[in-house]
Amino acid sequence: PDFSFVNHNGDTITQEIMKNKVVVADFFFTTCPSICIDMTSNLHKIQEEYFNDRDVIILSHTVDPETDSIGQLKKYAIEKDVNSKVWHLLTGNKKDLYVIARNGYLVTAVQGDGGPNDFIHSEKLVLIDKEKRIRGFYDGTNLDKPTDDPKTKNMKQLLEDILWLCENQ
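Calculation criteria
Residues numbered from 1 in each chain as written. Predicted model: local features only at pLDDT ≥ 70, side-chain atom pairs only at ≥ 80, totals over all residues. Heavy atoms only, no water. Helix = DSSP H or I, 4+ residues; strand = E, 2+ residues; numbered from the N terminus. Buried < 20%, exposed > 50% of the residue type's maximum accessible area, 1.4 Å probe, protein only. Polar contact = N/O pair within 3.5 Å; in protein donor to acceptor, adjacent residues only side chain to side chain. Contact = heavy atoms within 4.5 Å. Pairing = 2+ DSSP bridges. Disulfide = S-S within 2.5 Å. Axes fitted to C-alpha atoms, helices over the stretch in contact; angles between N-to-C directions. Parallel < 35°, antiparallel > 145°, perpendicular 65-115°, else oblique. Left-handed = near helix turned anticlockwise from the far one by under 90°.

As a further point, take the side chain of threonine 40. With respect to the helices, strands and loops of the structure, threonine 40 is situated in helix H1 (residues 35-49). Classification of threonine 40 as buried rests on a relative accessible area of 6%. A polar contact is formed between the side chain of threonine 40 and the side chain of tyrosine 76, at a distance of 2.9 Å.

Taken residue by residue, helix H3 (residues 94-104) has Lys94, Leu97, Tyr98, Ile100, Ala101 and Arg102 as its buried positions. Looking at the buried residues of H3, the elements they touch are strand S1 (4-7), strand S3 (22-28), strand S4 (56-62) and strand S5 (87-91). Near the N-terminus of H3, the side chain that reaches the backbone nitrogen of lysine 95, with its oxygen 2.8 Å away, is that of asparagine 93. Leucine 106 sits one or two residues past H3 and shows a positive phi near 55°.

Taken across its 7 residues, S3 has 7 buried, putting it largely inside the fold. Across the two faces of S3 the burial is the same, with Val22, Val24, Asp26 and Phe28 and Val23, Ala25 and Phe27 all buried. Alignment of S3 against S4, held across 7 bridges, turns out to be parallel. Bridging from a neighbouring strand, alanine 25 pairs with leucine 59 of S4.

Once that is clear, we can look at the state of the cysteines. All chains considered together, the criterion is met by 0 disulfides. Free cysteine cysteine 32: the closest other cysteine sulfur is in cysteine 36, separated by 3.1 Å.

At a minimum axis separation of 11 Å, H1 and helix H4 (residues 155-168) run at an interaxial angle of 25°. Viewed along their axes, H1 and H4 adopt a mutual orientation that is roughly parallel. Here H1 and H4 pass one another in a crossing that is right-handed. Contacts between H1 and H4 involve Asn42, Ile46 and Glu49 from the former and Met155, Leu158, Leu159 and Ile162 from the latter.

Moving on: the side chain of glutamine 15. Here glutamine 15 shows up in the loop between strand S2 (12-14) and S3. Engagement of the side chain of glutamine 15 in a polar contact is seen with the backbone nitrogen of phenylalanine 3, the distance being 2.8 Å. Those residues in contact with glutamine 15, other than ones at most four positions away along the chain, are Asp2, Phe3 and Lys132.

Below is the structure:
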């Protein structure tokens, strides 16, 4: 679905940023003590690999917008060496963020209303091609080890799939 969020620099980011881009999307929160740490580290590897490639972007959506203000995201971006040339940390209305997580990127099958008791926490990274089609789900917490879920691939495979999409689309 169409979206409008604000990144860590205070810039409005819409679905237009995805036009003719290979996108890696995830859902995280800056105070996460567990899987988000590894996911951010692995996304940084993608940023390094594709820093000069104008065909690839990373969209990290917070699942805790009450905590993850623009200022908090900016602080996190500085700490994690996020470069907005490639990577956008996004915040906005919780209900809108959760609709995009569930109905746009399909990161969870669990239904919810985006209300105070609703919470999404997933290790999935989503690969979207230049036509805005989901091409795969990847375990963002590892680089090489196989995942338990046969539908979810690992980070090494993600890097290979990004390259293939950049060269063949």
